[in-house]
Amino acid sequence: ASVDAVTAPSKFLIQKYQDYQVTSNNMVLLQNGFDQRLQENEIDPSRKHTPLRIGYLGQIAQHKGVHVLVDAFIGMQADPATVELFLYGSESTWPNYAAGLRRKAMGQANIFFKGAYQAAQISEVMDELDVIVVPSICFENRPTVILEAFSFHKPVVVSDLGGMAEMVEH
């Protein structure tokens, strides 16, 4: 009550503040952005790959739900000639989790572990992909990867949790 304003990057977080009795006379929705200057090369948004390339970009971590995506992808039993899954992110932070994902993906000719990338490489990464998936199993406010995907005109599929869900229109 003694602060001038409380800011939040999502409506979801404003609601969480209220749920936990964080009060202010001035709750402000202040959405995060990102530096589009990192996008050195524009890509052709109409370009499609054959096979369809589904991408995950982020931490290779359990709370990010990468296993949910891998399990769903394997469960589709998709023909490698029609769809591929590209996983971008460092495997070194949670190596046991990453190793488990690799075991799950063993024998899947259409799942590729692409490793970490630098922010300046986002154009190259997005150019390789047709759709981005954010399968987090934890609350997220406003993931930058969704903003990046939108800026490259990529469709995004997200978990129906937190601020992610309010960013995506069906």
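Keep in mind it's a predicted model, so treat the numbers as computed, not measured.

Criteria and thresholds
- Counting from 1, residues in each chain are numbered in the order their sequence is written.
- In keeping with the model being predicted, local features are shown solely for residues with a pLDDT of at least 70 and side-chain atom pairs are shown and tallied solely at 80 or more, while totals for entire chains, interfaces and linings include all residues.
- With hydrogens and water excluded, all non-hydrogen atoms of the structure serve as input to the side-chain values.
- Just to be clear on terms, a salt bridge is a Lys or Arg side-chain nitrogen sitting within 4 Å of an Asp or Glu carboxyl oxygen.
- Helix and strand definitions follow DSSP, with helices as H or I runs of at least four residues and strands as E runs of at least two, each counted in order from the N terminus.
- Whether a residue is buried, partly exposed or exposed follows from its accessible area with a 1.4 Å probe, protein chains only, as a fraction of its type maximum: under 20%, in between, or over 50%, in that order.
- Note on pairing: two strands pair once DSSP finds at least 2 bridges between them.
- Only the stretch in contact is used when a helix axis is fitted, and all axes are lines through C-alpha atoms; the angle between N-to-C directions ranges over 0 to 180 degrees.
- Arc definition: directions from the helix axis to the C-beta atoms.
- Throughout, a residue-residue contact means that at least one pair of heavy atoms, one from each residue, lies within 4.5 Å.

Enquirer: Please explain the pattern of salt bridges as it appears in this structure.
Expert: One side chain can pair with another of opposite charge once the charged atoms of both are near each other. Evaluation of the coordinates by the stated rule reveals six salt bridges. A salt bridge links Arg 53 to Glu 84, with the shortest nitrogen-to-oxygen separation between them at 3.6 Å. Here Arg 53, found in strand S3 (residues 52–57), pairs with Glu 84, found in strand S4 (residues 83–88); they are 31 residues apart in sequence, far enough to count as distant. Classification of Arg 53 by relative accessible area gives partly exposed; the value is 22%. The partner of Glu 128 in a salt bridge is Lys 114, with the nearest N and O atoms 4.0 Å apart. Of the two residues, Glu 128 sits in the loop between helix H4 (122–127) and strand S6 (131–134) while Lys 114 sits in strand S5 (residues 111–115), which places them 14 residues apart along the sequence. With a relative accessible area of 26%, Glu 128 lands in the partly exposed category.

Enquirer: Mind showing me how you'd approach the sheet that holds S3 here?
Expert: Note on sheets: strands pair through backbone hydrogen bonds, and any given pair is parallel or antiparallel. If you walk across this open sheet you meet the five strands as S5-S4-S3-S6-S7, and the pairing is parallel. Each end of this open sheet is capped by a strand with a single partner; those strands are S5 and strand S7 (156–158). Taking each pair of neighbouring strands and ignoring which way they run, the sheet shows an average axis angle of 25°. By the bridge criterion, four bridges tie S4 to S5 in an arrangement that is parallel. By the bridge assignment, Leu 87 is partnered in S5 with Phe 113.

Enquirer: Is there a simple way to think about helix H3 (residues 95–105) in this case?
Expert: All buried positions along H3 are accounted for by Tyr 97, Ala 98, Gly 100, Leu 101 and Ala 105. Looking down the long axis of H3, one finds its buried residues gathered within 155° of arc, a one-sided arrangement. Turned more than 90 degrees away from the buried face of H3, the exposed residues are Asn 96 and Arg 103. Packing partners of the buried residues in H3 comprise helix H2 (66–76) and S5. Within two residues after H3, Gly 107 carries a phi angle of roughly 85°, on the positive side.

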